[in-house]
Amino acid sequence: MSTYNQIVIIGAGIAGVNAAKTLLDNDYEGKVVLIDRDENLPYDRPPLSKEYLAGTMDNDGILLHPEEFYRDDRMELLLGKSVTELRPDKKTVILNDGEEIGWDKLLITTGSKLRRLQPLDEQNFENVFYLKTQKDASRVQEQLSSINHLAIIGAGFIGLEVAASMLAAGKQVTVFEAAKTPLSRVLGEDMGTYIAEKHRAKGIEIFTDDYITQFKGDSSIREVETKNGIKLACDGVLVGIGVSTDGLLVEGILDFDDGIIVNEFCETSVADIYAAGDCARWTYPISGEKIRIEHWDHAMNQGATAALNMLQPNSQPFTTIPYFWSNQHDLAIQYVGHPTTWDQTVLRGSMEDDTFTMFYLLENKVVGALIVNQPTNVLPIRRLISQSVIVNTDQLGDEKVKLKQIIKQAAVIN
Ligand SMILES: Cc1cc2nc3c(=O)[nH]c(=O)nc-3n(C[C@H](O)[C@H](O)[C@H](O)COP(=O)(O)OP(=O)(O)OC[C@H]3O[C@@H](n4cnc5c(N)ncnc54)[C@H](O)[C@@H]3O)c2cc1C
């Protein structure tokens, strides 16, 4: 029974904003209250490590929607306010200023939290950077002229994107990675090595199987020293060691296990409370595993699906195959699927020409693909993964056989 005639959304990242848009587009007649602790008009995060950092995109360029979008009478955007408490019994949330807001349905899209390096935080150096918010990226930009040599901790996607952006800005860049091969957890050894070598060929130094043990300087870091004894003079350190979620807001209220547990309709363990995007964990239909995805496309689609299910409960199962992209130098990298394990890889195209797709297969079914400079492969591969069919691997590796044809044939065989 409706009492407040409004839906509250906590978090105005891509998941929350797209959920709000979906509600309005689908003629929700109540009010949508969108709350975010960030003071800036909702913006996009991917450009923060790419165009925005490189200075080729400005504040307006990264907005998810222009200001007018939020002037809709059915929308209330509360910026600079944190939700500090959920009261599901009363169907309200409490803000940091004490205000209590009621809801008929609640959507949690609070995203993820940066992993921080404790020893660095304690020392409070002026030239240590993280990259999650617009404010973080602006801080790097403001200090850019005083940075000649940037040390990056972590050769994950964001660390490597920043490395490419900083090199393009004329900086010297050294990356330290604790694993033996960058990105190997996601892409495997071969593809991780391929990408690392591309960076090295451009002039970026990457040290693997190593990590920084000492940060030296007064108010600013001037030198770092590693476990393997490398001493590097630098004038900026960027930390890119990934993200995690914390369950503080939902503790004791919602089921939480490395993310808020949701069902296929994006509903949490408490009726009328939904979650989507980086903060949510759901059962991936292809593998049956519970996974939490930290990708823009996933957050956008899951936000929209949650909205549709809030309008009409249990109407839209979320089945989107995960997808992300990453731009590094002249590599347009795209990745489809979410394999945690595979027993075969098949190359289609030419690694030498940096134009190829590497398929990851499990029991002859495609479960993932790394696509380099072949953007038109994304859609058919998404279809191939969602169909979960046995494929002819000889054909898969042969560019003369169209992907469409492989999909058709696979559907017939299975
Ligand atoms: C620098 C960077 C580059 C990236 N590049 C790519 C890329 O190239 N490709 C890709 O696929 N993905 C990329 N990502 C990841 C992608 O941006 C995220 O997966 C996506 O933003 C997740 O969206 P979300 O809405 O779930 O969460 P978020 O975007 O994190 O939004 C969550 C929002 O909730 C707010 N919030 C949290 N708690 C509260 C609270 N208690 N009260 C009020 N507000 C709260 C936060 O302030 C935040 O604005 C990148 C991320 C970063 C940081």
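These numbers were taken from a predicted model, which means no experiment stands behind them.

A.B. asks: What's the story with the packing of helix H5 (residues 157-168) against helix H6 (residues 184-202) in this structure? I'm lost.
C.D. replies: Pairs of packed helices are described in terms of their axes, by the angle between the two and the distance that separates them. At their nearest, the axes of H5 and H6 sit 11 Å apart, and the two run at 15° to each other. Relative to H6, the element H5 lies roughly parallel. Classified by chirality, the crossing of H6 by H5 is left-handed. For the pair H5 and H6, contact is made by Phe157, Leu160, Ala164 and Leu167 and by Leu187, Ile195, His199 and Lys202, respectively. Partitioned by chemical class, the residues of the contact of H5 with H6 number six nonpolar, one polar and one charged.

A.B. asks: Which parts of the structure should I look at to understand the site of the ligand?
C.D. replies: If you check the shell around the ligand, you find 32 residues, and the closest are Asp36, Arg45, Lys50, Val83 and Asp278. At 2.7 Å from an oxygen atom of the ligand is found a side-chain nitrogen or oxygen belonging to Arg45. Burial of the ligand by the surrounding chains reaches 93%, relative to a free accessible area of 1000 Å². Where the shell around the ligand is concerned, the elements lending two or more residues are helix H1 (14-25), strand S2 (31-36), H5, helix H7 (296-311) and strand S22 (323-328). Each residue belonging to the shell around the ligand can be placed in one class, and the counts come to 13 nonpolar, 10 polar and nine charged. Residues from two domains meet in the shell around the ligand; each of domain 1 (6-112 + 245-311) and domain 2 (114-243) gives at least three.

A.B. asks: Would you explain H6 in this entry?
C.D. replies: Count 3.6 residues to each turn of an α-helix, and residues three or four apart come out pointing the same way. The terminal C-alpha atoms of H6, which comprises 19 residues, lie only 20 Å apart, well short of the 27 Å expected from a rise of 1.5 Å per residue. Most pronounced at Asp190, the bend in H6 amounts to some 85°. Within H6 the residues assigned to the buried category are Ser184, Leu187, Gly188, Met191, Gly192, Tyr194, Ile195, Ala196 and His199. Against H5, strand S12 (205-207), S22, strand S23 (331-337), strand S25 (355-362) and strand S26 (365-372) lie the buried residues of H6. Just past H6, the residue Gly203 takes up positive phi, approximately 110°.

A.B. asks: Just to check I follow, could you spell out the packing of aromatic side chains for this structure?
C.D. replies: Between two aromatic rings, the relevant description is the distance of the centres plus the angle of the planes. In total, this model carries 11 aromatic pairs according to the counting rule given. Between Phe69 and Tyr70 the ring centres are 4.9 Å apart and the planes differ by 90°, which places this aromatic pair in the edge-to-face class. With a centroid separation of 4.8 Å and an interplanar angle of 70°, the aromatic rings of Phe157 and Phe324 are classed as edge-to-face. With Phe157 in helix H5 and Phe324 in strand S22, this residue pair connects regions lying 167 residues apart in the sequence. Taking relative accessible area as the criterion, Phe157 reaches 16% and is therefore assigned buried. The rings of Phe157, Phe324, Tyr335, Trp342 and Tyr360 are connected pair by pair, giving a single aromatic cluster. Stacked on the ring of Tyr130, the Lys or Arg Arg116 has its end atom at 4.0 Å from the ring centre.

A.B. asks: Would you mind going over helix H8 (residues 378-387) with me for this structure?
C.D. replies: Within the sequence span of H8, burial applies to Val378, Pro380, Ile381, Arg382, Leu384 and Ile385. Of the residues trailing H8, Ser388 is marked for its positive phi of about 50°.

A.B. asks: What exactly am I supposed to notice about the pairing of strand S11 (residues 172-176) here?
C.D. replies: For a regular strand, side-chain orientation follows a simple rule: the groups alternate between the two sheet faces. Across the five residues that make up S11, a large majority, four, are buried. Sheet topology note: the strand S10 (residues 149-153)/S11 ladder contains five bridges and is parallel. Counterpart to Ala151 in the pairing with S11 is Thr174. On the question of chirality, the crossover connecting S10 to the parallel S11 by way of H5 is right-handed. Sheet analysis places S11 next to S12, joined by three bridges and oriented parallel. When the bridges of S12 are listed, Phe176 appears paired with Phe207. Handedness of the crossover is the feature at issue here: the chain leaves S11, passes through H6, returns alongside S12, and the resulting connection is right-handed.

A.B. asks: How should the domain arrangement of the chain be read in this particular structure?
C.D. replies: How big an interface is tends to be expressed through the accessible area that disappears when the partners come together. Entries for the chain in the domain assignment read domain 1 (6-112 + 245-311), domain 2 (114-243) and domain 3 (330-413). Here the C-alpha centroids of domain 1 and domain 2 sit 30 Å apart. Opposite the 16 residues of domain 1 that make contact, domain 2 presents 15 residues. Interface area, domain 1 with domain 2, both sides summed: about 1400 Å², of which 53% is carbon and sulfur. Three residues stand out in domain 1 for area buried against domain 2, namely Ser49, Tyr52 and Leu53, and they jointly supply 42% of the buried area on that side. Here domain 1 is connected to domain 2 by one salt bridge. We note a salt bridge from Glu161 to Lys50, for which the minimum N-O separation is 3.0 Å. At the surface where domain 1 touches domain 2, the tally comes to nine residue pairs in polar contact (both at pLDDT 80 or more). Tallied by class, the residues present in the side of domain 1 that touches domain 2 amount to five nonpolar, five polar and six charged.

Criteria and thresholds
- Residues numbered from 1 in each chain as written.
- Predicted model: local features only at pLDDT ≥ 70, side-chain atom pairs only at ≥ 80, totals over all residues.
- Heavy atoms only, no water.
- Axes fitted to C-alpha atoms, helices over the stretch in contact; angles between N-to-C directions.
- Helix = DSSP H or I, 4+ residues; strand = E, 2+ residues; numbered from the N terminus.
- Parallel < 35°, antiparallel > 145°, perpendicular 65-115°, else oblique.
- Left-handed = near helix turned anticlockwise from the far one by under 90°.
- Contact = heavy atoms within 4.5 Å.
- Nonpolar A, V, L, I, M, F, W, Y, C, P; charged D, E, K, R; others polar.
- Near = heavy atom within 4 Å.
- Polar contact = N/O pair within 3.5 Å; in protein donor to acceptor, adjacent residues only side chain to side chain.
- Areas by Shrake-Rupley, 256 points an atom, 1.4 Å probe, with all protein chains shown as cover.
- Domains from an automatic or database assignment.
- Expected span 1.5 Å × (residues − 1).
- Bend = angle between axes of the 7 residues up to and from the residue.
- Buried < 20%, exposed > 50% of the residue type's maximum accessible area, 1.4 Å probe, protein only.
- Phe/Tyr/Trp six-rings, centres within 6.5 Å; stacked < 30°, edge-to-face > 60°.
- Lys NZ or Arg CZ within 6 Å of the ring centre and 35° of its normal.
- Pairing = 2+ DSSP bridges.
- Right-handed = clockwise from strand over helix to strand, strands pointing away.
- Buried area = accessible area lost by both parts, 1.4 Å probe.
- Salt bridge = Lys/Arg side-chain N within 4 Å of Asp/Glu carboxyl O.

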